[in-house]
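Survey of secondary and tertiary structure
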Amino acid sequence: MGSKAITGEILSQAAQTSAPSSSPARLLIPKLRIEAKVQQVGLTPAGAMDVPTNSVEVGWFKEGSAPGETGSAVIDGHLDARDGTAGVFQSLGSLQVGDKVQISDSAGAISSFVVWQKKEYDWDARPPEVFNKNDGKYLNLITCTGVWNVGKQSYGKRLVVFTTFEKTSVN
Amino acid sequence: MIRISSFLWVVPLIALFLISAGFVKAAGPTTVGLSTTTSFAVLAGSGITNTGPTTINGDVGSYPTATQTGFGSVTLNGTNHNGDSVTQGAKTDLVTAYNDAAGRTPVTTIPTELGGSTLVPGVYTSAAGTFGITGTLTLNGQGDPNAVFIFQAASTLITASSSNIVLTGSARSCNIFWQVGSSATLGTSSTLRGNVFALTSITATTGAVIDGRLLARNGAVTLDTNTITKSTCAAVTTTTPTSTASGTPTLPNTGHGPSLPVSPLAALSLVILAGTLYRRFNPRSQVSSKPTASRH
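Rules behind the numbers
Residues numbered from 1 in each chain as written. Chains lettered and ligands numbered in written order. Predicted model: local features only at pLDDT ≥ 70, side-chain atom pairs only at ≥ 80, totals over all residues. Helix = DSSP H or I, 4+ residues; strand = E, 2+ residues; numbered from the N terminus. Buried ≥ 20, exposed ≤ 12 C-beta atoms within 10 Å, placed from the backbone. Contact = placed C-beta atoms within 7 Å. Pairing = 2+ DSSP bridges. Nonpolar A, V, L, I, M, F, W, Y, C, P; charged D, E, K, R; others polar. pLDDT = per-residue confidence, 0-100. Expected span 1.5 Å × (residues − 1). Arc of directions from axis to C-beta.

A separate point is the overall build of chain B. Along chain B, the regular secondary structure elements total five helices and 19 strands. Per-residue burial for chain B yields a buried fraction of 40% across its 296 residues. In chain B, the proportion of contacts linking residues at least 24 apart, taken out of those at least 6 apart, comes to 50%.

Structure below.
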């Protein structure tokens, strides 16, 4: 399972603070003009993280941490729709280190995260650093990338944008 | 011929290097039981005073003096036990936890200043009986999420403005314990991780963030625009996916693929099919399509 680091700069975690835990409700990425409702997803029978039921909302992996909790929170979103139009994460790859990602939870708190790394993985990878990194508070965003494989009905790669917790503000 | 005994002095030096570099992992201390103090983020003996907007994620209480000042600007995500029986029980358990942490051995004596250093699991004290953090202290759990760090300060813990504690190698704030023989003062905009057991008082100055607990036995806890979140070890256990054989899911398939264009070949096939069907079912077409008699 090869992986290619696009950029490996790790931002300082000095700004880390703590956040109350709650279910994520909306994902906001100001740079990409994304404001998407968050669905809860589990595992497919094949053991893959499941995906949201449409191409405009995103899916939070409910078996893992919630955004702002210690551990790795994971959210995925479609690259494209069945009709070929753009999915919510069509432009996820244009995020750069230092860009901000926000999550509002069901209690109204907004947790902010900062992009610190992007990586591509093979389509069938099981990377522990995406799901099981517990030495901080992380939010990892996933979508497809690479070349479409008709036989597998899958793109050949997965793009993961790693973000680290910055702060939580309560409205 | 070189005498082997002339090199024996190297052996302890190599061992010291391996241990200090983290290549040799000694068994670390076990955790300090918090018992009923677990639910508390702030616990005091002679009251709690707050200034400015402070967020407390966990219970609060104080006994025998239950005074609370400035709580109008506190966002409390927990229960305010004031001086009730729950607080009283927690205060008793705090004494037990304090004495447990204070009595742990073996103890490694390190410099008072912790900033800029990286420590592995263990029990630490300083010759002066004080600890301070200026800059960043890194605690490396060496891959063990149950790694425990105990700091025994006979008198004070004082952290500087904007000081920080970074956790690496699976270290967790719930397994960090600061036993302070007198009082602890946390600098402005600093971040402290772990459970502070102070015999007397604890002061968190403006903007300090505590990823752990502030538990004062006899004195007051003074807050100023802080965020205090009680850290629990159990939460991490539930965050590890265990539904798959490898413990880690496969990455999701978030693509539908490009929409299929109508290729020229497919279009030609549709035209031929339509023409065939038209000739098959249209009587006029069938008559006209009958073969003509051959001429002789």
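What follows deals with unusual backbone geometry. Residues and elements named next belong to chain B. Backbone torsion omega between Tyr 63 and Pro 64 reads 15°, so that peptide bond is classified as cis. Looking at where Pro 64 falls in the secondary structure, it is placed in strand S3 (residues 59–69). In this model, Thr 105 is joined to Pro 106 through a cis peptide bond whose omega is -5°. Position of Pro 106 relative to the elements: it lies in the loop between helix H2 (85–102) and strand S5 (107–109).

Residues and elements named next belong to chain B. The strand order across the open sheet formed by three strands is S6-S9-S12, and the pairing between neighbours is parallel. In this open sheet, the two edge strands, each paired with only one partner strand, are strand S6 (118–119) and strand S12 (164–168). By the bridge criterion, five bridges tie strand S9 (residues 136–140) to S12 in an arrangement that is parallel. Directly across from Thr 136, in S12, lies its bridge partner Asn 164.

Here the focus is the interface of chain A and chain B. Put simply, an interface is often sized by how much accessible area is lost when its parts join up. On the side of chain B, 38 residues touch chain A, which itself brings 48 residues to the contact. Breaking the side of chain A that touches chain B down by element, the ones donating at least two residues are strand S5 (71–77), helix H1 (128–131), strand S8 (137–149) and strand S9 (154–170) of chain A. Per-class residue counts for the side of chain A that touches chain B are 20 nonpolar, 17 polar and eleven charged.

For the rest of this paragraph, the subject is the confidence of the model for chain B. Residue and element names in this part refer to chain B. In this model, chain B carries a mean pLDDT of 81, and residues with pLDDT of at least 70 account for 74%. Predicted confidence for residues 1–26 stays below pLDDT 50, and this span has seven contacts to residues more than four positions away or in other chains. Of the regions scoring below 50 in pLDDT, residues 235–246 engages in 27 contacts with residues more than four places distant in sequence or in other chains. Two numbers describe this predicted complex: its pTM, 0.50, and its ipTM, 0.83.

All names here are of chain A. The pairing of strand S2 (residues 24–29) with strand S3 (residues 34–41) spans four bridges and is antiparallel. Among the inter-strand pairings, Leu 28 is bridged to a residue of S3, identified as Glu 35. With antiparallel pairing between neighbouring strands as the criterion, S2 and S3 make up a hairpin whose turn holds four residues, including Arg 33 at a positive phi of roughly 55°. Inspection of the sheet shows S3 paired to strand S4 (residues 58–61) by four bridges, in the parallel sense. Pairing of Gln 39 across the sheet is with Gly 59, part of S4.

What follows is about H2 of chain B. All names here are of chain B. In a regular helix each residue adds 1.5 Å, so 18 residues correspond to 26 Å; H2 covers 26 Å between its end C-alpha atoms and thus fits that length. Buried within H2 are the following residues: Thr 87, Ala 90, Lys 91, Leu 94, Ala 97, Tyr 98 and Ala 101. Projected down its long axis, H2 carries its buried residues within an arc of 125°, all on one side. H2 presents Ser 85 and Asn 99 as exposed residues on the side facing more than 90 degrees away from its buried surface. On its buried face, H2 sits against strand S1 (40–51), S3, strand S10 (149–153), strand S13 (176–180), strand S15 (191–198) and strand S17 (209–216).

This part covers the confidence of the model for chain A. With 87% of its residues at a pLDDT of 70 or more, chain A has an overall mean of 84. The low-confidence segment residues 1–21 of chain A (pLDDT under 50) makes 57 contacts with residues lying over four places distant or belonging to another chain.

Bridge analysis of S2 of chain A against strand S6 (residues 100–105) of chain A gives four bridges, and the strand direction is antiparallel. For Pro 24 of chain A, the partnering residue across the bridge sits in S6 of chain A and is Asp 105 of chain A.

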